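# Breakdown of the fold
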Amino acid sequence: MHEGHEHTHGHDHTHCHGEHPHHHHHDGAQGTVSDQTVALVSYMLDHNRSHAEEIHGLAHKLEAMGQHEAAALIEQGVTCYGQGNDLLAQALALLQTPKEDA
């Protein structure tokens, strides 16, 4: 159990937990990925990129207001968003690559 909810998965993966509830969805058979899952990852990547742009704009506004320390911290957060988004993009590319039958 972690922060009030239980994790029982047949595989290992990292979870970053914030202050909001979330759910984990796993497709059925190993190796198969539904179109819905690919669409969700794609949507979340676009959604996160949009938030990163908004947050970056906020950092610029704070910098202009003389809030240099806060702006710098927010820019660090934007960098983290970028790193996470890069990983999501890599995962999406893998999900969209057709698998050859062995």
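See above for the structure.
Scope of this entry: the structure provided in the associated data block. What you see is a predicted model; the values in this text were computed from it and never measured.

## Considering the overall build of the chain
What the chain contains, in helices and strands, is two helices and zero strands. Burial analysis of the chain (102 residues in total) assigns 12% to the buried set. Relative to all contacts within the chain whose residues are 6 or more apart in sequence, the contacts with residues 24 or more apart total 42%. Within the structure as shown, the chain displays about 8,300 Å² of accessible surface, and the carbon and sulfur contribution to it stands at 55%.

## Looking at the packing of helix H1 (residues 35–64) against helix H2 (residues 68–96)
Where H1 meets H2, the axes come as close as 9 Å, and the angle between the chain directions of the two elements is 165°. By the angle between their directions, the pair H1 and H2 is classed as roughly antiparallel. As H1 runs across H2, the sense of the crossing is left-handed. Its residues placed into classes, the contact of H1 with H2 shows 17 nonpolar, eight polar and three charged.

## A look at H1
The α-helix advances 3.6 residues per turn, and as a result positions three or four apart in sequence lie on the same side. With 30 residues, H1 should cover 44 Å at 1.5 Å per step; its first-to-last C-alpha distance of 44 Å lies within 8% of that length. Structurally, H1 contributes buried residues whose contacts are with H2. Downstream of H1 by one or two residues, Gly66 has phi in the positive range, about 85°.

## What to know about the environment of His60
Within the secondary structure, His60 sits in helix H1. Assessed through its relative accessible area of 48%, His60 is described here as partly exposed. Note: C-alpha distance between His60 and Ile74 (14 residues apart in sequence) is 9.5 Å.

## Structural notes on the side chain of Asn48
Relative to the helices and strands, Asn48 is located in helix H1. Excluding its chain neighbours within four sequence positions, the residues that come into contact with Asn48 are Tyr81, Asn85 and Leu88.

## As for H2
Spanning 29 residues, H2 covers 41 Å between terminal C-alpha atoms, matching the ideal 42 Å at 1.5 Å per step. Burial in H2 covers these residues: Ala71, Val78, Asn85 and Leu92. Along its buried surface, H2 packs onto H1.

## A word on the side chain of Asn85
With respect to the element layout, Asn85 can be found in helix H2. The class for Asn85 is buried, based on a relative accessible area of 6%. Each residue touching Asn85, except ones within four places of it in the same chain, is listed here: Leu45, Asn48, Arg49 and Ala52.

Criteria and cut-off values
Residues numbered from 1 in each chain as written. Predicted model: local features only at pLDDT ≥ 70, side-chain atom pairs only at ≥ 80, totals over all residues. Heavy atoms only, no water. Helix = DSSP H or I, 4+ residues; strand = E, 2+ residues; numbered from the N terminus. Buried < 20%, exposed > 50% of the residue type's maximum accessible area, 1.4 Å probe, protein only. Contact = heavy atoms within 4.5 Å. Areas by Shrake-Rupley, 256 points an atom, 1.4 Å probe, with all protein chains shown as cover. Axes fitted to C-alpha atoms, helices over the stretch in contact; angles between N-to-C directions. Parallel < 35°, antiparallel > 145°, perpendicular 65-115°, else oblique. Left-handed = near helix turned anticlockwise from the far one by under 90°. Nonpolar A, V, L, I, M, F, W, Y, C, P; charged D, E, K, R; others polar. Expected span 1.5 Å × (residues − 1).

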